[in-house]
Amino acid sequence: MEGVDFALLNTVTRPEVFEFEGISMVHYFTDNWEKVQNFQARPDDILVATYPKAGTTWVSYILDLLYFGNIADERQASMPIFMRVPFLESIFPGLPSGVDLVDNLPTTPRLIKTHLPVQLVPKSFWEQNCKVVYVARNAKDNAVSYFHFERMNKGQPEPGDWNNFLQNFMEGKKVFGPWYDHVCGYWEKKQTYSNLHYMFFEDMVEDSRCEVERLCSFLGLSTPLEERERITECTHFDKMKENKMTNYSTVPTMDFKISPFMRKGKVGDWKNHFTVAQNEQFDEHYKQRMQNTSLQFRTEI
Ligand code: A3P
């Protein structure tokens, strides 16, 4: 992989969490802060924003195929999705920073990934009226997915055991801050910023064809039905799990023996993790945290 120093990337160690700009963070997402905040977006940039583990890679790959799927170059076959859709605020040893990767993208539009909560998104995205695609996932499945991700990825802090993780998740102590504020923040932004498309992981699982169509209509793309069908197929969980360019198998900080990146891709897996007591406590806390929003999630389909 061009631009990647695997030996250096292998030196990544589990970071400590600290308070930064009002949220929990680790240094891999703050060390390049000045450049991130001063990032100059272009009007045709497309920002894919999510809370971690909400379906970022899935939607990134759909977008990549919608724009560049027909380009017959090596890109699709040799460039992993995290190089094609750079993670803006990231700065890991052995990898170019997210900002540098974006600045060197040869394609237009540039597809850019962020996990930053809405208030920390570099202001040039709003000034340039960039299109923003936000993907949200119900809190319970999102927490489960995040827990397994922290277990397998040494670029993330130690998750502790499941109960410990869940308490921290509820208290908003996970990297990128509280899930509740993240999903609600973008939901509120959408009320005044019309270039934001708010999607749900659950809708994608239920009917990805329809979600691809809705994405096209938001993006102003007239992708033919046949091509949309092909993209829907290529981005199916099983296909993405097999595809080395989308399954993160090239990243040495991740240990798939502990848990694969493409883990289950389901709605409702939380039922295999939450005890009855955890579920009751979670529901009660959720009600309080989400009482002032019209945003609704499905925890099963
Ligand atoms: P699980 O851990 O529940 O399996 P992100 O890309 O934001 O890190 O999100 C990763 C989550 O999205 C993982 O969830 C992963 O399996 C799921 N995912 C990725 N691609 C998917 C697809 N094509 N269909 C269903 N789920 C997918």
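Since the model is a prediction, treat every value here as computed from it, not as a measurement.

## Some thoughts on the overall build of the chain
Each helix and strand counted, the chain has 15 helices and six strands in total. Its C-alpha atoms give the chain a radius of gyration of 18 Å, near enough to 19 Å, the size a compact globule of 301 residues would have. Classification of the 301 residues of the chain by burial places 57% in the buried group. For the chain, the accessible surface area stands at approximately 13,400 Å², while carbon and sulfur atoms represent 48% of it. Counting 33 positive and 41 negative side-chain charges, the chain places the centres of these two groups 2 Å from one another.

## Focus: the site of the ligand
Neighbouring the ligand are 18 residues, the closest being T56, T57, S145, K264 and G265. Measuring from an oxygen atom of the ligand, one finds a side-chain N or O atom of K53 at 2.8 Å. At a separation of 2.8 Å, a nitrogen atom of the ligand approaches a polar backbone atom of T235. Look at the ligand: alone it shows 570 Å² of surface, and the protein chains cover 97% of it. For the shell around the ligand, the elements supplying multiple residues, two or more each, are α3 (56-68) and α14 (237-242). At three residues, the largest contribution of residues to the shell around the ligand is made by α3. Here the residues of the shell around the ligand are counted per class, giving seven nonpolar, seven polar and four charged.

## Looking at the packing of aromatic side chains
Under the defined criterion, the tally for this structure stands at 37 aromatic pairs. Across the ring face of W270, the terminal group of K140 is positioned such that the distance to the ring centre comes to 4.2 Å. In this structure, K189 is placed above the aromatic ring of W126, and the distance from its NZ or CZ to the ring centre is 4.2 Å.

## Observations regarding α3
Between its terminal C-alpha atoms α3 stretches 18 Å, which fits the 18 Å expected from 13 residues at 1.5 Å a residue. Across the 13 residues that make up α3, a large majority, 12, are buried. Here α3 has its buried residues at T56, T57, W58, V59, S60, Y61, I62, L63, D64, L65, L66 and F68.

## Description of the sheet that holds strand β3 (residues 46-50)
Across the sheet, which stays open at both edges, the four strands sit in the order β4-β3-β5-β6 with parallel pairing between neighbours. Either end of the sheet is taken by a strand with one partner, and the two such strands are β4 (111-114) and β6 (196-200). Recorded for the sheet is a direction-independent mean angle of 20° between the axes of neighbouring strands. Note that β3 and strand β5 (residues 131-136) share five bridges and pair parallel. From the neighbouring strand, A49 faces β5, where its bridge partner is Y134.

## Some points on the confidence of the model for the chain
Summarising the model, the chain shows a mean pLDDT of 96, and 99% of its residues fall at 70 or more. Within the chain, the lowest mean pLDDT, 78, falls on helix α4 (residues 75-78), and the highest, 99, falls on β5.

## Considering the pairing of β5
For β5, the tally of buried residues reaches five of six residues, placing the bulk of the element in the interior. Two elements, β5 and β6, share five bridges in a ladder whose sense is parallel. Following the sheet pairing, V133 is matched in β6 by H197.

Conventions used here
- Residues numbered from 1 in each chain as written.
- Predicted model: local features only at pLDDT ≥ 70, side-chain atom pairs only at ≥ 80, totals over all residues.
- Heavy atoms only, no water.
- Helix = DSSP H or I, 4+ residues; strand = E, 2+ residues; numbered from the N terminus.
- Rg over C-alpha atoms; globule rule 2.2 N^0.38 Å.
- Buried < 20%, exposed > 50% of the residue type's maximum accessible area, 1.4 Å probe, protein only.
- Areas by Shrake-Rupley, 256 points an atom, 1.4 Å probe, with all protein chains shown as cover.
- Lys, Arg positive; Asp, Glu negative; His and termini not counted.
- Charge placed at Lys NZ, Arg CZ, Asp CG, Glu CD.
- Near = heavy atom within 4 Å.
- Polar contact = N/O pair within 3.5 Å; in protein donor to acceptor, adjacent residues only side chain to side chain.
- Nonpolar A, V, L, I, M, F, W, Y, C, P; charged D, E, K, R; others polar.
- Phe/Tyr/Trp six-rings, centres within 6.5 Å; stacked < 30°, edge-to-face > 60°.
- Lys NZ or Arg CZ within 6 Å of the ring centre and 35° of its normal.
- Expected span 1.5 Å × (residues − 1).
- Pairing = 2+ DSSP bridges.
- Axes fitted to C-alpha atoms, helices over the stretch in contact; angles between N-to-C directions.
- pLDDT = per-residue confidence, 0-100.

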